[in-house]
Amino acid sequence: MRGEAGGPGRGEAGQGRPAHPRRETVLVTGAAGFIGSHTAVELMAAGHHVVGVDNFANSSPGAVDRIRALAAGGGSFEFVELDLRDRAALAAALRHCPVDAVIHFAAKKAVGESVEIPLDYYDTNVNATLGLVETMLGHGVNRLVFSSSCSIYGDAASVPIREDAPARPTNPYARTKWMCEQILADVCHRYPDWHVTSLRYFNPAGAHPSGLLGEDPRGVPNNVLPYIAQVAVGRRAELSVFGDDYPTPDGTGIRDYIHVVDIAEGHRLALDALGEAPGHRVINLGTGRGTSVRELLDAFAAACGRELPARVVARRPGDVAELVADPSLARELLGWKATHDVAEMCRDAWNFQRRNPNGYADGPAGATTSTNDNDNQRDDRGDGDDR
Ligand SMILES: NC(=O)c1ccc[n+]([C@@H]2O[C@H](COP(=O)([O-])OP(=O)(O)OC[C@H]3O[C@@H](n4cnc5c(N)ncnc54)[C@H](O)[C@@H]3O)[C@@H](O)[C@H]2O)c1
């Protein structure tokens, strides 16, 4: 069965930002990260109080300042720097600020790195999730939205991919996400008053239209779009396209890129819908449209107004030809549908990158200096990415 736990669908209702039934206090783990920061802004715009936590393992305090700068709609934000694996610190944060629900983003997400240091991945992704759930149990919090991933599907037999496609994780990162989903299903089985939704994202990309928030990973980007953006701004020499001999129209891998603002909205709607169905349910967040690496590069070139250097290199082991979501369950259960296309993702990602060539290190409003640290591109593919 798709979605694992049933419950009434919400039909076509709900897209957009309706008046919120009640202001909630929401713990957002990984709040300084790419998706967490955009979701914090989305939740504030809906009037919620957000308690963000992060240890800046893959982000920086600058993101917290930008989130605060974008507060609107009556919402508010407070931030606690902590490592989610530190259960005492998390419990203290929840004692200090009781929350109604949790959105759990904090994780490590580089597929290639997960093969190199699997124990770190199990520790950060699985062990921290166990600690979070235990702490929630101890504080009477039983509503959770969990960041899962399309990488759970591995090399899917057919596209578009529905939630009832078999899980075939092919690397430690994907296995950590699959394990967390199973843990959450078991918790819901044991505690029937728990409400959990695991959102399996396809390829989040883009940036906030303000140009204040975007993807600013530490070191070499693991995802293809921020990598292209750093090529465009002169921080990296060229994009390596990993294989052009896939069985796709132009030979490069096809992925379902989804605007981060759409993803953030999906979290707000998933949070609102948690009360509708007890138990654990699984929902894809994707657009249902595939874009090849070449098409993405062309779209970014159009956005920034110049051709971008790229070189085809060998395929990477474990990469698959095509991953595209069937997003119909999200529409049925959450009333959610992606509304931004790849051109808008490239426009917004470029707007962020050109205003902040060095990311959040450029300060509150973004400066115009540029660096040229053309690191060699690592073989750390981002979650679900192919290039
Ligand atoms: N971006 C993608 O392509 C993608 C696709 C599918 C799923 N996801 C999942 O979505 C979530 C968010 O991804 P993102 O792209 O925003 O990544 P990100 O790296 O930008 O954000 C993750 C945040 O978690 C923080 N963090 C890591 N370990 C922590 C710890 N021990 N304690 C506290 N904070 C910690 C990092 O500092 C970072 O700010 C992750 O769970 C990821 O696996 C991402």
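Check the entry above for the structure.
All figures in this text were calculated on a predicted structure; none of them were measured in a lab.

**Focus: the pairing of strand E4 (residues 101-104)**
Neither face of E4 is left uncovered, since the one carrying Ala101 and Ile103 and the one carrying Val102 and His104 both have all their residues buried. As paired elements, strand E1 (residues 25-29) and E4 share four bridges and run parallel to each other. Bridge pairing links leucine 27 to valine 102 in E4. Note that E4 and strand E5 (residues 143-149) share three bridges and pair parallel. When the sheet's bridge partners are listed, isoleucine 103 is paired in E5 with valine 145.

**Considering the site of the ligand**
Looking at the ligand, there are 30 residues lining it, with Gly30, Gly33, Ser59, Leu84 and Ala107 nearest. Sorting the residues of the shell around the ligand by element identifies helix H1 (34-45), helix H5 (118-138), E5 and strand E7 (203-205) as the ones contributing at least two each. The biggest single contributor to the shell around the ligand is H1, with three residues. For the shell around the ligand, the residue count by class is 12 nonpolar, 13 polar and five charged.

**Observations regarding the packing of H1 against helix H8 (residues 260-273)**
H8 packs onto H1 with a crossing angle of 60° between their chain directions and a minimal axis gap of 8 Å. As the angle between them shows, H1 and H8 are arranged oblique. Every pair of crossing elements has a handedness; the one defined by H1 and H8 is right-handed. Taking contact as the criterion, the partners of Phe34, Ile35, His38, Thr39, Glu42 and Leu43 in H1 are, on H8, Val260, Val261, Ile263, Ala264, Glu265, His267 and Arg268.

**Focus: the nonpolar core**
Counting residues in each nonpolar core, the largest one holds 109 residues, and the members touching the most others are Val28, Ala40, Ile228, Phe300 and Ala349. By residue number, the principal contributor to this core is H8, which donates eight residues. Beyond its immediate stretch of four places on either side in the chain, phenylalanine 300 contacts Ile228, Ala232, Leu308, Cys346 and Trp350.

**A few points about the sheet that holds strand E2 (residues 49-54)**
Pairing is parallel across the open sheet formed by seven strands, whose spatial order is E3-E2-E1-E4-E5-E6-E11. Sheet topology places strand E3 (76-81) and strand E11 (279-285) at the edges, where each strand pairs with a single neighbour. Each adjacent strand pair in this sheet contributes to an overall mean axis angle of 20°, direction not counted. Where strand E6 (residues 195-201) lies against E11, seven bridges are found, and the strand directions are parallel. Residue pairing across strands places histidine 195 opposite glycine 279, the latter belonging to E11.

Quick notes on the rules
Counting from 1, residues in each chain are numbered in the order their sequence is written. Whole-chain, interface and lining totals are the exception, using all residues; otherwise, since this is a predicted model, local features are given only for residues with pLDDT of at least 70 and side-chain atom pairs are given and counted only at 80 or more. A residue is called partly exposed when the number of other C-beta atoms within 10 Å of its own lies between 12 and 20, exposed at 12 or fewer, and buried at 20 or more, with C-beta atoms placed from the backbone. The numbering of helices and of strands both runs from the N terminus, where a helix is a DSSP run of H or I of at least 4 residues and a strand a run of E of at least 2. When DSSP locates at least two bridges between a pair of strands, those strands are taken to pair. Note on definitions: a residue is near a molecule or strand provided its C-beta atom, placed from the backbone, lies within 6 Å of it. Throughout, the ten residues Ala, Val, Leu, Ile, Met, Phe, Trp, Tyr, Cys and Pro are labelled nonpolar, Asp, Glu, Lys and Arg are labelled charged, and all others, Gly among them, are labelled polar. Only C-alpha atoms enter the line fits that serve as axes; for helices the fit covers just the stretch in contact. Angles between N-to-C directions range over 0 to 180 degrees. In this scheme, roughly parallel covers angles under 35 degrees and roughly antiparallel covers those over 145, while 65 to 115 is roughly perpendicular and the rest are oblique. It is the rotation of the near helix from the far one that decides the hand of a crossing: anticlockwise by less than a right angle makes it left-handed, clockwise makes it right-handed. It is the C-beta atoms, placed from the backbone, that decide contacts: two residues are in contact if theirs lie within 7 Å. The term nonpolar core refers to a set of buried Ala, Val, Leu, Ile, Met, Phe, Trp, Tyr and Cys residues connected through C-beta atoms within 7 Å.

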